[in-house]
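# Working through the structure, step by step
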Amino acid sequence: MSGTKKGGGQMLRKIVLLIVIGVLSGVSAEAMAQSCSPYSDFLAMNLTDLSTLQVKLTYVGIQDKGIPSVGFSSQVFDPTLFIPFRNPTVDYSNDNAKINTFLASAQELQAVISNVGTLPNVTAGGVATAQFLSFAMVNPVLGNKCFEAVLNDVDTAALFAQLRLAFSNNPTALRRLNDLGCPLTVLDPLRPSDVTAQITTSLSGFRINRATGHFVGVATLTNKSTSPIGGPISLVINLTGNVRLFNVTGTTCGVLPAGLSFIDVPLVGNSLPAGGSAQVTLEILNPDAQVITPTTKVLAGPGAR
Amino acid sequence: MRNWRRLRRLSLLLLLYCGTHASAFGDTLLNVSINTSAINGSSGKLVFDLTVNAPGTGDHAIIENFSAPGATLGLPETLGGLVSGDLILGLNPAPFTIIDGDFFFNELTLNFIKFSNSLTFVLDLPNLAPLGGNPPDEFALFMLNKAGLPLFPTGDPLGANALFTVDVGSPSSLITVFSPTTRSGNNLSVVVPGQGNGQVPEPSTWVLLTSGLILLILYRSNINPQ
């Protein structure tokens, strides 16, 4: 009888112990998930470590419509890696929609870590009182090492300046940063020149591509001036009605009028020589088969379009 | 009643055409021949597309002396502008057909129930300058399969797989041909490539097949000695 009682007590203790271990392990797992590493851990990463680093920029301030987040990595960007580290006091709803991504080399990521390392308000991590932008990093290979700084608007502008420097040779990255920077008004302070008067833009006729349903044509840009025009060169296209440029590089924000589609023109040696020509294919979405009568404008040089 | 109207309109168009044609020697006239012997007996579509950026201002495409000896044509289809003439009536040969540029996208599709060895026609396009800096109007010819997708890839750099295009302009139009189309002056020649390339067994396949058959015969003779 007493043996049975003793056995029952032991069983109860075991059960309680198991429950306590279970609860503690759950808490510790959550605590581990929420705790991130200091910025110095990322500064110490070598190129091999950085090749698996994933970085995400999310607008977390007040908004009346979605603003797509930006993610970059040397690998395929995986937004789900950031979910376990979400801060419950921050609104990450922009991550639930489409995230604009781009590929960054390990060297570029090293430049990001190094440049951002000069911004103490960023490297300190934590959450600013006036939440504006989440700058988050995760390295899934190095034990899910993470970092997050939720910045105010001033520190966001400083962060964007350093990111633009780190990606100065990566046009796609600069474009993606400007796409996010436009609604946040943290654009590249540089502006391209309007070279429309120096360039003749001629458009071909349009025909339908049955595989895509898009109308396709070619824009030919000829430099009619006596000096070369430095790139990048962007063709801004204003279309009317329910006609849209499909293969856009971006939408104007830094130059007026804002909100027009533009496409970068492929150049040899990032320059269009005097008398030289360059061509770009235009894919037009035109579901109602309306006339395609675009007006165009040409921008040249670095800076926010 | 409707046929009367169509006939009257066609007569007017013919009169207009005859009246202007003598003075319109600046038109682009192309003699098109398509060698379809590789797809003889199979079905598909020949599609004439005309995109017009100032609809209703007189641009059109005329298809003259269309002939596909031995081919069987089904009912044609059109999109956009009015198509008048012999091809829309299903005739073969079809001396005269006009596609009006009444809309941005104007299309005549000839449904071939059965291609024969060749087809020929003369394409007549006016040299109209684009209005007010608009892109030029464009004529494009396509060959499609029954599903409406390109019958074979062409050298069209825009991926549309056109056989050739004409950007209508003044004083002359820009004619661009894509392989397998070739051009000699105003003569455009298309040789449709054979379908199902690479399905002919290679010599090694023949060796394997023959040895397999021999082994099968030997095996059968072993189990059935009589």
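These notes cover the structure that comes with them. A quick note: this is a predicted structure, and the numbers were derived from the prediction, not measured. (Residues numbered from 1 in each chain as written. Chains lettered and ligands numbered in written order. Predicted model: local features only at pLDDT ≥ 70, side-chain atom pairs only at ≥ 80, totals over all residues. Heavy atoms only, no water.)

### Points about the pairing of strand β10 (residues 214-223) of chain A
All names here are of chain A. Counting buried positions over the ten residues of β10 gives nine, a clear majority of the element. In the sheet, strand β8 (residues 199-203) pairs with β10 via five bridges, with the strands oriented antiparallel. Opposite Leu 203, over in β10, you have Ala 219 as the bridge partner. Here three bridges tie strand β9 (residues 207-209) to β10, and the two strands are oriented antiparallel to one another. When the sheet's bridge partners are listed, Arg 207 is paired in β10 with Val 216. Joining the antiparallel neighbours β9 and β10 is a turn of four residues, in which Gly 213 adopts a positive phi near 80°. In this structure, β10 lies alongside strand β17 (residues 277-285), joined through eight bridges in antiparallel fashion. Paired with Thr 220 across the bridge in β17 is Gln 279. (Buried < 20%, exposed > 50% of the residue type's maximum accessible area, 1.4 Å probe, protein only. Helix = DSSP H or I, 4+ residues; strand = E, 2+ residues; numbered from the N terminus. Pairing = 2+ DSSP bridges.)

### Topic: the packing of aromatic side chains
One pass over the structure, following the stated rule, counts 15 aromatic pairs over all chains. Their ring planes at 65° and their centres at 6.2 Å tell us that A:Phe42 and A:Phe147 sit as a pair that is edge-to-face. With A:Phe42 in helix α2 (residues 39-43) and A:Phe147 in strand β6 (residues 145-151), this pair connects stretches of sequence that are 105 residues apart. Between B:Phe112 and B:Phe115 the ring centres are 4.4 Å apart and the planes differ by 15°, which places this aromatic pair in the stacked class. Taken individually, B:Phe112 and B:Phe115 each receive the classification buried, so the pair is uniform in this respect. Grouped by ring-pair contacts, the aromatic residues B:Phe48, B:Phe66, B:Phe121, B:Phe139 and B:Phe164 constitute a single cluster. Its end group placed over the ring of A:Phe82, A:Lys56 keeps NZ or CZ at 5.2 Å from the ring centre. (Phe/Tyr/Trp six-rings, centres within 6.5 Å; stacked < 30°, edge-to-face > 60°. Lys NZ or Arg CZ within 6 Å of the ring centre and 35° of its normal.)

### With respect to the sheet that holds strand β15 (residues 261-265) of chain A
All names here are of chain A. On the basis of which strands lie adjacent, the open sheet formed by five strands has the order β7-β18-β12-β15-β14 and antiparallel pairing. Both outer strands of the open sheet, β7 (193-194) and β14 (250-251), are each paired with one neighbouring strand and no more. Bridge analysis of strand β12 (residues 233-238) against strand β18 (residues 295-300) gives six bridges, and the strand direction is antiparallel. Pairing of Ile 237 across the sheet is with Thr 296, part of β18.

### Notes on the pattern of salt bridges
Considering all chains together, one arrives at nine salt bridges over all chains under this definition. Among the salt bridges present, the one from B:Glu138 reaches A:Arg207, with a minimum N-O distance of 3.1 Å. Of this pair, B:Glu138 sits in strand β10 (residues 137-144) while A:Arg207 sits in strand β9, each in a different chain. For A:Arg207, a relative accessible area of 6% corresponds to the buried category. With a shortest N-O distance of 2.7 Å, B:Asp156 and A:Arg207 are connected by a salt bridge. With B:Asp156 in the loop between β10 and β11 (164-168) and A:Arg207 in strand β9, this pair bridges two chains. By relative accessible area, which is 6% here, B:Asp156 ends up buried. Through salt bridges with shared partners, one network takes in A:Arg207, B:Glu138 and B:Asp156. (Salt bridge = Lys/Arg side-chain N within 4 Å of Asp/Glu carboxyl O.)

Take it as geometry only, folks, not as evidence of what the structure does.
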